[in-house]
Structure formats: C-alpha cells, structure tokens
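Structural features, examined
Each chain, written out:
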Amino acid sequence: MKTTSSIISLKNVFKEYLLGDGSVFVALKNINFEIHQGEFSAIIGPSGSGKSTLMHVVGLLDKPSRGEIIINGKDVAKMNDNQTSVLRNSYVGFVFQQFNLLNKLTIKENILLPATYCKEKLDFDADQRAEMLMEKFGIISKKDSFPNKISGGQQQRVAVARALLMKPQLILADEPTGNLDHKTGNEIIDLFEELNKSENITIVMVTHEMEIAERTRRQIRILDGEIVNDNK
Ligand SMILES: Nc1ncnc2c1ncn2[C@@H]1O[C@H](COP(=O)(O)OP(=O)(O)O)[C@@H](O)[C@H]1O
Ligand SMILES: [Mg+2]
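The name that an unreviewed UniProt entry assigns to the chain is ABC-type antimicrobial peptide transport system, ATPase component, with the source organism given as Candidatus Collierbacteria bacterium GW2011_GWB2_44_22. Taken verbatim from the UniProt record of the chain, the Sequence similarities (unreviewed entry) comment is "Belongs to the ABC transporter superfamily."

A few words on helix H3 (residues 107-117). The buried fraction of H3 amounts to eight of the eleven residues, a majority that puts the element mostly inside the structure. In this fold, the buried residues of H3 make contact with helix H2 (81-91), helix H4 (126-136) and helix H5 (152-164).

Below, the discussion takes up the pairing of strand S9 (residues 218-223). Direction of pairing for strand S3 (residues 40-44) relative to S9: parallel, over a ladder of four bridges. Residue pairing for S9: Ile44 is matched across the bridge by Arg221. Where S9 lies against strand S10 (residues 226-230), four bridges are found, and the strand directions are antiparallel. Directly across from Arg221, in S10, lies its bridge partner Asn229. Remark: two residues form the turn of the hairpin made by S9 and S10, two consecutive strands paired antiparallel; Asp224 in that turn has positive phi of roughly 45°.

In this section: the packing of H3 against H5. Where H3 contacts H5, the axes come no closer than 7 Å and their chain directions differ by 30°. Relative to H5, the element H3 lies roughly parallel. The two elements H3 and H5 cross, and the hand of that crossing is right-handed. Across the interface between the two elements, Ile107, Asn110, Ile111 and Pro114 of H3 pack against Val158, Ala161 and Arg162 of H5. By residue class, the composition of the contact of H3 with H5 is five nonpolar, one polar and one charged.

Moving on, we get to the pattern of salt bridges. Under the defined criterion, the tally for this structure stands at 13 salt bridges. We note a salt bridge from Arg66 to Glu16, for which the minimum N-O separation is 2.7 Å. With Arg66 in strand S4 (residues 66-71) and Glu16 in strand S1 (residues 6-18), the pair connects residues that are 50 residues apart, well separated along the chain. A relative accessible area of 28% means that Glu16 is categorised as partly exposed. Glu187 serves as the salt-bridge partner of Lys183, at 3.1 Å between the closest nitrogen and oxygen.

Turning our eyes to something else, we now look at the environment of Ile203. Relative to the helices and strands, Ile203 resides in strand S8 (residues 202-207). Along the backbone, Ile203 and Val92 are 111 residues apart, and their C-alpha atoms lie at a distance of 9.8 Å.

Right, let's talk about H5 for a bit. Three- or four-residue spacings in an α-helix give side chains the same orientation, since the helix completes a turn every 3.6 residues. Its 13 residues place the ends of H5 18 Å apart at the C-alpha level, agreeing with the 18 Å of an ideal helix rising 1.5 Å per residue. Across the 13 residues that make up H5, a large majority, eleven, are buried. Along H5, the residues classified as buried are Gly153, Gln155, Gln156, Arg157, Val158, Ala159, Val160, Ala161, Arg162, Ala163 and Leu164. Packed against the buried residues of H5 are strand S6 (92-96), H3, H4, strand S7 (170-174) and helix H6 (182-199).

Moving on, we come to the UniProt feature "domain: ABC transporter" (unreviewed entry) in the chain. In the UniProt entry, the feature "domain: ABC transporter" (unreviewed entry) is given for residues 8-232. Here residues 8-232 is 34% helix and 28% strand, with 15 Å between the C-alpha atoms at its ends.

Around ligand 1, the neighbouring residues are Tyr17, Leu19, Phe25, Ala27, Pro46, Ser47, Gly48, Ser49, Gly50, Lys51, Ser52 and Thr53. At 3.2 Å, a backbone N or O of Ser49 approaches an oxygen atom of ligand 1. Between Ser52 and ligand 1, the recorded distance is 2.9 Å, taken from a backbone N or O atom to an oxygen atom. Within the complex, the protein chains bury 61% of what would otherwise be the 570 Å² of accessible surface of ligand 1. Broken down by class, the residue content of the shell around ligand 1 amounts to five nonpolar, six polar and one charged.

The two faces of a sheet get side chains in turn, since along a regular strand they alternate between them. Taken together, the nine bridges between S1 and strand S2 (residues 24-36) define a ladder with antiparallel strand orientation. The residue of S2 that forms the bridge with Ser6 is His36. Here S1 folds back onto S2, and the loop between the two strands holds five residues, one of which, Gly22, carries a positive phi near 90°.

What counts and how
Residues numbered from 1 in each chain as written. Chains lettered and ligands numbered in written order. Predicted model: local features only at pLDDT ≥ 70, side-chain atom pairs only at ≥ 80, totals over all residues. Heavy atoms only, no water. UniProt positions renumbered as here; feature names shortened; annotations may be inferred. Buried < 20%, exposed > 50% of the residue type's maximum accessible area, 1.4 Å probe, protein only. Helix = DSSP H or I, 4+ residues; strand = E, 2+ residues; numbered from the N terminus. Contact = heavy atoms within 4.5 Å. Pairing = 2+ DSSP bridges. Axes fitted to C-alpha atoms, helices over the stretch in contact; angles between N-to-C directions. Parallel < 35°, antiparallel > 145°, perpendicular 65-115°, else oblique. Left-handed = near helix turned anticlockwise from the far one by under 90°. Nonpolar A, V, L, I, M, F, W, Y, C, P; charged D, E, K, R; others polar. Salt bridge = Lys/Arg side-chain N within 4 Å of Asp/Glu carboxyl O. Expected span 1.5 Å × (residues − 1). Near = heavy atom within 4 Å. Polar contact = N/O pair within 3.5 Å; in protein donor to acceptor, adjacent residues only side chain to side chain. Areas by Shrake-Rupley, 256 points an atom, 1.4 Å probe, with all protein chains shown as cover.

Next up, the structure:
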C-alpha cells in the first residue's frame with residue numbers, strides 16, 4: 001500500500017526491572033518492530049504482558065535497558081535528556097485510559113498545556129489550533145468548563161485534542177476506551193479512524209478488546225514481554 005519511511009524503529013529492545021529481592025524481571029524481551037508514517041495499529045495482549053512498558057519506551061517516557069531506538073533516523077541513546085524531551089514534545093502525543101486531565105484547568109487550558117510546557121517558540125498559533133481542535137471534536141461549547149463537569153467521552157476528546165496540539169507525528173493511546181462504555185469507546189475509535197484516514201496521523205493504540213483492535217489495520221500481539229504476532 002505504501003512505501004513510507006519509518007518514524008520509529010526498535011531493535012533488540014529489552015526492559016528489565018530490578019526487584020526488591022534482588023532478582024531481575026524482564027518486562028520486554030528482544031522487541032523488534034517499526035512504525036511507519038500513516039499506520040493505525042493496535043498492541044494487544046493480556047494484562048501484565050508489557051503493553052504499557054512498550055508504549056513508554058516508544059514514547060520516550062522510559063529508557064530501554066538494552067537495544068536501539070531510532071526516531072526519524074536518529075539514535076535516541078546518543079541524545080542527552082534535554083534533546084530527548086525536546087524530541088518527545090514534537091514527535092509524540094499521549095492519550096491515557098484515565099484521560100489525565102487537570103481538574104483545576106478549563107478544557108481549553110488543558111488542551112493548551114503542552115504549548116505552555118514548551119520552551120521553544122512555536123511555528124503556529126497554539127490558541128487558534130486549540131480552538132480548531134475543539135470545534136472539530138464537538139467540544140467547543142465546553143471550552144470554559146472543567147473536566148469533572150463533562151462526560152467521559154468528552155474528556156477523552158479533550159485528551160485527544162491535547163495530544164494533537166503540538167502536531168505530533170505519532171499518537172500513542174494506552175487503553176483509550178478502557179474507561180468508556182461500548183458506544184462511547186467506539187466513538188473515540190471513530191475519531192482515531194477519521195484522523196488517520198483524512199490527515200494521515202499515525203496512531204498506535206493499546207487495547208485488550210478484540211473488537212477495538214479489529215478496527216485497526218495492524219495488530220501487534222505481545223505476550224510475556226515478547227511480540228508473538230505482527231500482521232504488518
Ligand atoms: N517499575 C516497575 N518495576 C517492576 N516491575 C514492573 C514495573 N513496571 C511494570 N512492571 C511489570 O512489568 C510487567 C508489564 O507491565 P505493563 O507494561 O504495565 O503491562 P500491561 O500494560 O500489558 O498490563 C508487569 O508484570 C508489571 O508488574
Ligand atoms: Mg497497561
């Protein structure tokens with residue numbers, strides 16, 4: 001279908017945790033995979049299989065114990081912490097199961113938060129972009145409301161808008177429908193589908209619901225920290 005370049009590539013990635021009793025727990029074992037521009041993928045697997053750990057490594061929130069991470073042709077291991085956080089800010093937007101909105105901020109302020117954290121001058125108007133995203137996601141009438149005054153589905157739309165504010169190459173969503181009822185969850189996936197199809201936004205989503213996973217084009221199955229199937 002496409003011969004697009006890879007955004008991120010993981011080579012022989014391991015993640016190990018040192019446990020209190022001195023033993024080592026291997027949460028990711030020899031992970032090898034690439035994500036290409038424009039893909040819509042699901043990471044599936046039972047609870048505790050390493051899905052969130054993998055998302056954290058892909059999203060540069062956590063470092064692997066071993067292995068290589070190449071983002072847009074650059075080796076992340078060769079970057080310092082500041083360069084890594086600058087890259088993270090521009091390359092990835094996160095969506096979580098619990099929405100992770102700040103209840104003391106309005107909807108609009110929540111969406112603008114990534115721009116507030118960013119130290120560099122932006123090459124676009126964040127305020128205008130926030131307004132555009134709220135309009136598009138049907139939450140513009142809620143812009144001065146607070147997160148605890150709107151529904152779960154609306155909160156997740158706010159979280160998706162916040163994730164998109166900085167024009168990331170990649171959206172990482174960890175169980176984005178896990179706190180939503182069936183219908184509302186499917187509406188969030190409709191939104192992802194639309195963003196992927198019409199704007200070629202790359203999305204990787206963790207889920208343990210097969211019905212949700214089947215709505216993506218690529219399913220990566222993980223079991224006990226290993227990729228056991230990938231229908232790329
Ligand atoms: N900081 C940590 N220290 C020790 N073990 C951890 C840590 N984080 C995760 N784990 C373990 O790694 C495994 C994978 O966790 P996780 O990636 O959260 O799984 P999933 O998202 O698939 O449910 C689990 O067994 C979990 O207990
Ligand atoms: Mg998880």
